[in-house]
Amino acid sequence: MNPEEVRELETAIGLIVEIADGMGLDPYPVHFELVPATIMYEFGAYGLPGRFSHWTHGRAYQQIKTMYDYGLSKIYELVINTNPAYAFLLENNTVLQNKLVAAHVLAHVDFFKNNAYFEHTNRSMLETVSINAERLRRYEFEHGRDEVEKLLDAVLSIQEHIDNNPRLRHGAPDEPIHRRRLDPPSTPFDDMLRLGEAKREEVPEPRKFPAHPEKDLLLFLADHAPDLEPWQRDVIHIVRAEQLYFLPQMQTKIMNEGWASFWHARIMRELDLTESEYVQFAQLHSGVLSPSKRNVNPYYVGMKIFEDIERRWDEPTDDERTKLGRAGGEGRAKVFEVRQQDNDASFLRNYLTKELVEELDLYLYRLEGDKWVIVEKDWEVVRDTILNSMTNFGQPYIVVEDGDYRRGRELYLKHQHEGDDLDLDYADKTLKYLYQLWSRPVHIETIVDGKSTVLTYEGQRGRAEAVRR
Amino acid sequence: MPPTVSLSRNDWTLHRKGPIDQARHNERVKEAIKGNLGEIVSQESIITSDGKKIVKVPIRSLDLPRFRFDRGRKNHAGQGQGKSKVGDVLGQEAQGQGQGPGKGKQAGEQPGIDYYEAEITIDELAALLFEDLGLPFLKPKGKALVESEEVRFDQIRKSGVMSNLDKRRTIRENLMRNARQGRAGFGGLSNDDLRFKTWEHRIREESNAVVIAMRDVSGSMGEFEKYITRSFYFWMVRFLRTRYKQVQIVFITHHTEAKEVDEDTFFNLGESGGTKVSSAYQLALDIANERYPASEWNTYPFHFSDGDNWGEVDNQRCLDLVKALLGRSNAFGYGEIQEGGRRSPSTLMSAFHQIRDPHFIGVTITKKEDVYPALKSFFSTREELPKVAAR
């Protein structure tokens, strides 16, 4: 973009903000920054500018960059959920493209500010990740790059396993238990010899550790891993804090993108576009919203649901008027209410109707032999499967069952199996990383092909053994 | 009240965090290739490549593992254009292609394993492979052949090209001459002071070596056996040609009769019939004696077979011939291919067990991944052990 175009964009953004305001959007102040493609990809790969170095970020960077270089895909915008918000625009986009992106971004920021699931988000995360990156650099300097990388590999392999409801956490943190045991009998006749004696006091069962199954693996490891150095615990906390920041975004992906697409279309229609600009806009818009054979396109599905909600509350059917008491004309108010209260799971459960599933032509497919085949079109099954895949962000739900397993401080995890088996090859390798952090044997109980199974890694090589019941 | 917004543009040219981490990722790819050489070496795509092009090698374990669901056993949601119906095929699973025969765990069978395809040229791969390989028991022999000419810029002369003037030495000469004449300091430069850098041609010498590659092409050699033989000799020939410019390679194929063939025939021949290994050893011995006298040549016979020989009588003859060959060779390499290690022990290898000579190198190959270790055991540089008196 040349300086003249930049000025044009600046004016347009001012206008877009006014239109958005008139429509009821309520974003934080936004700082837009024009950046070259390489910087955009870097930020895309790291999730946030200035985040710590790791080869997985390098790999993501390479992938995104390759996709761009071959013209396969392009990141149009990147918006950071902070106050004030930061948004990055591609400097080699056309003015029209960047206008659309600016409108899209404003709706994102409105969502960040007003959706309930972002209530506890750290709004100065940019500074936090920079400080974290600086700490990690210091640890690299003190302990060597390889040491830090080795640790990060292990921690990142379980980074998804944190508690997404930190505010609902139960009472006091768990203390490691003090072991108490009955004196072992010295002869088989002990009980006979003691017949005359007063009955010894029952020793209560040792308190469980942790008292409740612990969902937050990272926190548990940071607090209780037997042999970690303080700096290593700190690294776990860093990864956990950054993951917590990203959680609400993972939780509201469809809503957030749907909301932004819903509004960018409306805002763009208010702008005084020339015919050629309008064609450009329509192309870009339909490109972003094109359905995907193998995924659910969050932009498209999200936007369609919001549009459907608006329509159904604006013009309720007679049935809805009499039975549900909808007055009509409440569409706008309703979509704002939904954006405030829901997350993806409740959004789909409440508003993905039979008609929508059919209109969107949603289906389920699976691998049969070596072909991916459509296997289900029934709307309720489709909706429920999509919902299930959102449980725990599509990650297996894993808890710490026992931090003192076999009374030897071994770690016993339990996969709360809800129908889908684990990828055993990956699980074996992840156990090795867990062992590295816990430095005692680690176990995970799961179900494989309907049979209860415990995978174990004891330092040499993992072995799977069936739990005896 | 509309929120405040601003737009700015900064200079990002010095920002290069992404490329730095990308470089680290590439380093990890290299490491992973090195760690998986055994698996990669015997890839079909490499053996059949023309040697110049870039090959794609699958690398496991580069992804960070995590607890995840088995993707191949799950239902996924997707979206059609409006007319999708149950039974429509969306596409084919792409993994599991391009695997050579005899590979135990194919990617396609295990939907859980993600392969990362790294691109590498055969030459880069060869450099990694051959890093610490060499001909064992190599000795200086006979009249040396010219191996390479090299130019070294380390001579100083009084005449030369002005552009090669060595200023430091010239000044020093001048200072010394002035000092001899009782004057201190620099000045009055004469032609006599000038010093020039110049070069010298050097010739690096290398011992003569001949490798006699013998290949069993009899009917009992199945697909797997042929594949392993080709794979091994592919790398061996490449290795010898890269490392030793003057190594000669003699190619011999045999079933019940042995014959000397050219390289192309050697790699592509498929015959059938019985097996008489002694015929190959006899031919090797004859060729060696005729063309490569032991006094002037380091000799390395190699033989690959499934070990299925004609009978005990021929095994005995083989044993005698191997001893004869060992007597005039630096090392004798024998590779026996037994797919899955299934065969009876009545093979050639068991006959060779009686050979106690450290110059005899026997290797059994049971799976594709054994090719690289075989290369390593045949071509690890070894020195002659000092002779120890028998106790």
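All of these numbers come straight from a predicted model, not from anything done at the bench.

### Topic: the overall build of chain A
A tally of regular secondary structure across chain A gives 18 helices and 10 strands. Taken across its 469 residues, chain A has 36% of its residues classed as buried. Of all intrachain contacts in chain A linking residues separated by at least 6 positions in sequence, the fraction that spans at least 24 positions is 70%.

### Some details on the overall build of chain B
Scanning chain B for helices and strands turns up 11 helices and 13 strands. In chain B, 79% of the contacts between residues at least 6 apart in sequence involve partners at least 24 apart.

### Re the domain arrangement of chain B
Assigned domains of chain B: these are domain 1 (25-64 + 114-128), domain 2 (147-205) and domain 3 (207-378). Between the C-alpha centres of domain 2 of chain B and domain 3 of chain B the distance comes to 56 Å.

### With respect to the pairing of strand 1 (residues 30-35) of chain A
Looking at chain direction, strand 1 of chain A and strand 1 (residues 5-9) of chain B are connected through 5 bridges and run parallel. Looking at the pairing, Glu33(A) lines up with Ser8(B) of strand 1 of chain B. Pairing of strand 1 of chain A with strand 3 (residues 85-90) of chain A, which is carried by 6 bridges, proceeds in the parallel orientation. Following the sheet pairing, Leu34(A) is matched in strand 3 of chain A by Leu89(A).

### What to know about the interface of chain A and chain B
One widely used convention gives an interface's size as the accessible area the parts lose upon coming together. Contact residues are listed per partner, giving 76 residues for chain A and 53 residues for chain B. Tallied by class, the residues present in the side of chain A that touches chain B amount to 40 nonpolar, 14 polar and 22 charged.

### Considerations on the sheet that holds strand 2 (residues 77-80) of chain A
Across the sheet, 4 strands lie side by side as 2(A)-3(A)-1(A)-1(B); this open sheet has mixed pairing. Strands at the two margins of the open sheet, each flanked by one partner only, are strand 2 of chain A together with strand 1 of chain B. On average, each strand axis in the sheet is inclined to that of its neighbour by 20°, with strand direction left out of account. In this sheet, strand 3 of chain A lies alongside strand 2 of chain A in antiparallel orientation, the contact comprising 4 bridges. Across the sheet, the residue bridging to Val79(A) is Ala87(A), located in strand 3 of chain A. Packed onto the sheet, helix 1 (residues 3-23) of chain A meets strand 1 of chain A together with strand 1 of chain B and runs at close to 160° relative to strand 1 of chain B.

### A look at the pairing of strand 10 (residues 258-261) of chain B
All names here are of chain B. Of the strand pairs in this sheet, strand 9 (residues 248-254) and strand 10 are connected by 4 bridges, and their pairing is antiparallel. In the strand pairing of strand 10, Ile 252 is matched with Glu 260. Following strand 9, the chain reverses through 3 residues before pairing antiparallel with strand 10.

### A closer look at the domain arrangement of chain A
When cut into domains, chain A gives domain 1 (3-115 + 252-287), domain 2 (144-169 + 207-237 + 396-469) and domain 3 (291-391). If you average the C-alpha positions of domain 2 of chain A and of domain 3 of chain A, the two centres end up 36 Å apart.

### Some thoughts on the packing of helix 4 (residues 95-114) of chain A against helix 10 (residues 253-270) of chain A
Residues and elements named next belong to chain A. Orientation of helix 4 relative to helix 10, taken along the N-to-C sense of each, is 135°, at an axis distance of 8 Å. Relative to helix 10, helix 4 is oriented oblique. Handedness of the crossing formed by helix 4 with helix 10: right-handed. Of helix 10, the residues touching helix 4 (which contributes Leu 100, Ala 103, His 104, Ala 107, His 108 and Phe 111) are Asn 256, Trp 259, Ala 260, Trp 263, His 264, Ile 267 and Met 268. Grouping the amino acids of the contact of helix 4 with helix 10 by side-chain chemistry returns 9 nonpolar, 4 polar and no charged.

### What about the packing of helix 6 (residues 145-157) of chain A against helix 18 (residues 424-438) of chain A?
Residues and elements named next belong to chain A. Relative orientation of the contacting elements helix 6 and helix 18 amounts to 120°, with a least axis distance of 9 Å. Taken together, the axes of helix 6 and helix 18 are oblique relative to one another. As for the relative orientation of helix 6 and helix 18, their crossing is left-handed in sense. For the pair helix 6 and helix 18, the contacting residues are Asp 153, Ala 154 and Ser 157 in the first and Thr 430, Tyr 433, Gln 436 and Leu 437 in the second. When the residues that make up the contact of helix 6 with helix 18 are grouped by side-chain class, the tally is 3 nonpolar, 3 polar and 1 charged.

### Here we look at helix 5 (residues 167-180) of chain B
Between its terminal C-alpha atoms helix 5 of chain B stretches 20 Å, which fits the 20 Å expected from 14 residues at 1.5 Å a residue. Just downstream of helix 5 of chain B, Gly182(B) is the residue with a positive phi angle, here 85°.

### Brief notes about the confidence of the model for chain B
Residues and elements named next belong to chain B. In the predicted model, chain B carries a mean pLDDT of 77, and the fraction of residues at 70 or more is 80%. Looking at the elements of chain B, mean pLDDT is at its lowest for strand 6 (residues 145-157), recorded as 67, and at its highest for helix 5, recorded as 91. pLDDT under 50 marks residues 387-391. Its contacts with residues more than four places away, or in other chains, come to 0 contacts. Prediction confidence for the complex, expressed as pTM and ipTM, is 0.73 and 0.83 respectively.

### Considering the sheet that holds strand 13 (residues 360-365) of chain B
Residues and elements named next belong to chain B. With mixed pairing, the 6 strands of this open sheet are ordered in space as 10-9-8-11-12-13. The open sheet has two edge strands, strand 10 and strand 13, and neither has a second partner. The mean inter-strand angle of the sheet, taken between neighbouring strand axes irrespective of direction, is 20°. Inspection of the sheet shows strand 11 (residues 298-305) paired to strand 12 (residues 332-337) by 4 bridges, in the parallel sense. By the bridge assignment, Phe 304 is partnered in strand 12 with Gly 335. With respect to the sheet, helix 9 (residues 312-328) is in contact with strand 11, strand 12 and strand 13, its orientation differing from that of strand 12 by roughly 140°.

### Regarding unusual backbone geometry
Residues and elements named next belong to chain A. Here the bond from Asn 83 into Pro 84 is cis, since omega is -5°, no more than 30 degrees from zero. Structurally, the position occupied by Pro 84 is in the loop between strand 2 and strand 3. Phi at Ser 439 is positive, roughly 55°, even though this residue is not glycine. Position of Ser 439 relative to the elements: it lies in the loop between helix 18 and strand 8 (442-448). On the basis of neighbour counts, which here come to 15 C-beta atoms within 10 Å, the residue Ser 439 falls in the partly exposed class. Although it is not a glycine, Asp 449 sits at a positive phi angle of roughly 50°. Note on placement: Asp 449 falls in the loop between strand 8 and strand 9 (451-457).

### Focus: the environment of Gly87(B)
All names here are of chain B. Here Gly 87 lies in the loop between strand 3 (76-79) and strand 4 (89-92). Taking the C-beta count within 10 Å as the criterion, Gly 87 has 10 such neighbours and is therefore assigned exposed. In this structure, the C-alpha to C-alpha distance between Gly 87 and Arg 243, residues 156 residues apart in sequence, is 57 Å.

### As for the nonpolar core
Residue and element names in this part refer to chain A. Membership of the largest hydrophobic core comes to 76 residues, with the highest contact counts inside it found for Ala 87 and Leu 106. Among the elements that take part in this core, helix 4 stands out by supplying 11 residues, more than any other. Of the domains in this structure, domain 1 (3-115 + 252-287) and domain 3 (291-391) are the two that each give at least three residues to this core. Beyond its immediate chain neighbours, meaning those up to four positions away, Leu 106 contacts Ile 16, Val 17, Ala 20, Leu 25, Pro 27 and Val 30.

### Examining the environment of Glu418(A)
Checked against the element boundaries, Glu418(A) lands in the loop between strand 7 (410-415) and helix 18. Sequence separation between Glu418(A) and Ile447(A) is 29 residues, and the spatial gap between their C-alpha atoms is 9.4 Å.

### Looking at the environment of Arg233(A)
Residue and element names in this part refer to chain A. Considering the arrangement of structural elements, one finds Arg 233 in helix 9 (residues 230-251). Its 15 C-beta neighbours within 10 Å are what place Arg 233 among the partly exposed residues. In sequence terms Arg 233 and Leu 218 are 15 residues apart; their C-alpha atoms lie 9.4 Å from each other. In this structure, Arg 233 is in contact with Ala 222 and Leu 228, ignoring residues within four places of it in sequence.

Basis of the calculations
Residues numbered from 1 in each chain as written. Chains lettered and ligands numbered in written order. Predicted model: local features only at pLDDT ≥ 70, side-chain atom pairs only at ≥ 80, totals over all residues. Helix = DSSP H or I, 4+ residues; strand = E, 2+ residues; numbered from the N terminus. Buried ≥ 20, exposed ≤ 12 C-beta atoms within 10 Å, placed from the backbone. Contact = placed C-beta atoms within 7 Å. Domains from an automatic or database assignment. Pairing = 2+ DSSP bridges. Nonpolar A, V, L, I, M, F, W, Y, C, P; charged D, E, K, R; others polar. Axes fitted to C-alpha atoms, helices over the stretch in contact; angles between N-to-C directions. Parallel < 35°, antiparallel > 145°, perpendicular 65-115°, else oblique. Left-handed = near helix turned anticlockwise from the far one by under 90°. Expected span 1.5 Å × (residues − 1). pLDDT = per-residue confidence, 0-100. Core = buried A, V, L, I, M, F, W, Y, C linked by C-beta atoms within 7 Å.

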